Structures are given as structure tokens and as C-alpha cells.
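# Descriptive analysis of the structure
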Amino acid sequence: MPDYTFEVYRRVDIGGTDGLETAGTITVRDDDGFRDDFFDDIEQAPSSETNGDQEIIASSVSELSVSDTIRTRGIFRFTNTATSDTYDVREIFSNTAGNPIERLFIFTSPPPPWVFDTTSRTFALLNSDGTLAYSDILCFAAGTLIETADGRQAGVETLRVGDRIRTQTGGAQTLRWIGSHTITGAALMLRPKLSPIRIRAGALGPGYPNADLLVSRQHRVLIRSVIAQRMFGSADVLVPAIRLTQLDQIDIATDVPEVTYVHLLFDDHHVIRSNGAWTESLFTGPEALKSVSPAAREEIATLFPQITDPAFRPVPARPIPARGKDIRRLVHRHRKNRKPLFAAA
């Protein structure tokens, strides 16, 4: 019966973004040798269960004791918001002691450095089909008005593939793919992180947006200011909506009975006008494809075969700050100096 030793990590805030810190080590004894070196028993039938045969024979983790057995509860995904690179970790818990208050994780392969530093990233439980929850996909809420190439304001849910949309970054562009998903009220109650962010009219500057704007948490909004220029060397930067909730008139919309999210994909990443504010289109690459359903993934890969290449890296339409602490500083400086986050050129 082989023994395996694992580093165990706890979830922790690092520079205003989710990260991990060392909780200690455990050594487990494998009773049957069925892929337990990677704790892959979660993949046995039924898929929701493990056989619980990984017995702890040594532990320096306070929540895990010798003689406990270990189970895998789920797989979580880190997503680097600047590059769309991802890394998955497995959550574990003591089947003997029950679920601990602190969530504990193990790596099954060497993690990238950005999991531990102050890189801006998201951290989310994967769905049963291996996709991310819609809170981590860049979406507009139905009802958002998108400016078309001819100057019309069209509800995002009424757009169709082939429509021409005004962009800040490339003139008129053709919509190549549209995806949507409705989150019911029951689902919002169970998973509150699926709730959209509401940016009130004028919250970011005069007429910016010109009406309340609802987007998913990680949907990026264009910020334009002298402060951004000084901090990042570019007056225009893209910042996730959830990072703006430190400001007045921007908060999590917990009062919506349900929400339909719509995402828009062009040949390239673009900045488009939504309710008068500049926001991004879907920013995708080979790793980000894992964020959508298998059917949608196949559709997108058929349209853009190059993004299935692991070496492919999407080019952002505008700079995306990589470090969460820098985004917090940006927002803090605007708030402290009472400066709008969008100053018209």
C-alpha cells in the first residue's frame, strides 16, 4: 500500500483577490491504488462519490487528523483575468470529521506563480460538466442596450449573428457568435455570486452609463482617466465590474428575480457601447473555452479554430491590469480624489 504526501492549502485574500496559503502537509495511505495519488476517486461511478480509502497517517494540518479518511468535494478553477489562463485545484475534506469550516485544497500538478502572487484572478467551483459558473463569464444582462453600427440602440437579447456593432477599438464589427443563459431565482438564492453587478446611471462619470447597467461580475468596464495613465501608462484600462463595488452607486444586484446573461463574440476582442458605457466583448482563448458548455465550445472552435491551439493567446482590446492590488489602488485614488472613472476625451 503506497503512501503519498501532499501540500495542503487554505483559501486566503492576497492583494484583494482570492489566493492560497500553505496549511501544512498530510501523508495518506492508499488502500487500493486506484489513482489515489491524484485523489481522482471523484471520477468513479457514481461520479458524485469517492471510496474514502485515503487514510491519513501523518498530518500537520489542524483540520485533518491521523486516522481520518479524505474525500474530494469538488474542483475549483483559478482564472487569470489578464491572460485568461486557468489552473484547477481539488478541494478536500475529512470524511471522518465532516466538512471543516476552512476550505482546504491540494494541487495535482505544479501550479503557476500567479496563483500565489497579487495577479488579478477569479476562483470558482466548476459545474458538473466541467464548465465555470456564469458569474465567471463576461456577460451582459438582457435589457442592456448595445449601440449598432448605424447608431441604433438594440437590446442585447435581440441581436443576431451578422449584426454590425459599433466598437471603440475597430470601427464597425460583425457579430460572429452569441450565447445566452437564464439564471432562475432559485439558482440565484443558492449561488448568490451569479447575481449581476448594477452600475447606476452616472456612477462612473457624467452620462456614464446613461442608464443603469447590469453585467456579470467579471465583465470588464472601460476606465479612462489621468490616474490610469499615471499608474499603467495608458489612460484607457479595462476593469472587472466586481472591482468597482467600492464606489457609490455600484453594487451587487440582489433584488433581481432572475437574470438572463448574453455574451457577444467578434473576430477579435473589442470595446462596445452598452447603456452609454464602454464595456468589453467576450475575451476568449483556449483555456477560456472551458468556461462555456460543450455545445457552445464546439460552435466557437468551429468559427475560430486557432483558439484551440494551447499556444494561442488572445490580444486584449485595451490594457487589462494584471494585479488585483493595482486595481484596488486605482479605484481608491479615484474615490479619494473625487475623480470620475471615465473622463471624456
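Residues numbered from 1 in each chain as written. Predicted model: local features only at pLDDT ≥ 70, side-chain atom pairs only at ≥ 80, totals over all residues. Heavy atoms only, no water.

### Describing the overall build of the protein
Put simply, the test is: Secondary structure elements are defined from DSSP: runs of H or I of at least 4 residues count as helices, runs of E of at least 2 residues count as strands, and each element is numbered from the N terminus. Categorising residues by exposure relies on relative accessible area from a 1.4 Å probe, with only protein chains included: less than 20% of the type maximum marks a residue as buried, more than 50% marks it as exposed, and the intermediate range marks it as partly exposed. Using the Shrake-Rupley algorithm and a 1.4 Å probe, accessible areas are obtained, with residue cover drawn only from the displayed protein chains.
Assigned secondary structure in the protein consists of 4 helices and 21 strands. When each of the 345 residues of the protein is scored for burial, the buried share is 52%. As displayed, the protein has an accessible area near 15300 Å², and 50% of this comes from carbon and sulfur atoms.

### What to know about helix α4 (residues 324-336)
Our working definition: Residue count minus one, scaled by 1.5 Å, sets the expected span of a helix. We call two residues contacting when some pair of their heavy atoms lies within 4.5 Å.
With 13 residues, α4 extends 18 Å between its outermost C-alpha atoms, agreeing within 8% with the 18 Å of an ideal straight helix rising 1.5 Å per residue. Burial in α4 covers these residues: G324, D326, I327, L330, V331 and H334. On the buried face of α4, the contacting elements are β16 (220-224), α2 (226-232) and β17 (236-240). Residue R338 follows α4 closely and has a positive phi angle near 55°.

### Observations regarding the nonpolar core
Stated formally: As used here, the term nonpolar core means buried Ala, Val, Leu, Ile, Met, Phe, Trp, Tyr and Cys residues forming a set that is joined through side-chain atoms within 4.5 Å.
Membership of the largest hydrophobic core comes to 50 residues, with the highest contact counts inside it found for I146, L159, L204, Y208, L244, L264 and L330. In contact with L159, not counting residues within four places along its chain, are I146, A154, I165, L175, I178 and L264.

### Thoughts on the packing of aromatic side chains
Defined as follows: The criterion for an aromatic pair is that two Phe, Tyr or Trp rings (for Trp, the six-membered ring) have centres within 6.5 Å, with stacked assigned to planes under 30 degrees apart, edge-to-face to planes over 60 apart and tilted to the rest.
What the rule picks out here adds up to 9 aromatic pairs. Taking the centre distance of 3.9 Å and the plane angle of 10° together, the rings of Y208 and F342 count as stacked. Of the two residues, Y208 sits in the loop between β14 (197-199) and β15 (213-215) while F342 sits in the segment after α4, which places them 134 residues apart along the sequence. Accessibility expressed as a relative area gives 2% for Y208, which makes it buried. Feature note: the residues Y9, Y87, F107 and F116 constitute an aromatic cluster, connected by ring pairs.

### Let's talk about the confidence of the model for the protein
In plain terms, the rule: Looking at any residue, its pLDDT shows the predictor's confidence there, from 0 to 100.
On average, residues of the protein score 83 in pLDDT, and 83% of them reach the 70 mark or higher. Note that pLDDT drops below 50 for residues 33-38; the model gives that stretch 13 contacts with residues more than four away or on any other chain.

### Let's talk about the pattern of salt bridges
Applicable threshold: Salt bridges are identified by distance alone: a Lys or Arg side-chain nitrogen within 4 Å of an Asp or Glu carboxyl oxygen.
The final tally for this structure, using the stated rule, is 15 salt bridges. Between R198 and D255 there is a salt bridge whose closest N-O contact spans 3.1 Å. Here the residue R198 occupies a position in strand β14, and D255 occupies one in the loop between β18 (250-252) and β19 (259-265), the gap between them amounting to 57 residues. The class of R198 is buried, set by a relative accessible area of 11%. Judged by relative accessible area, D255 falls into the exposed class, the value being 53%. Salt bridges sharing common partners tie together E147, R166 and R273.

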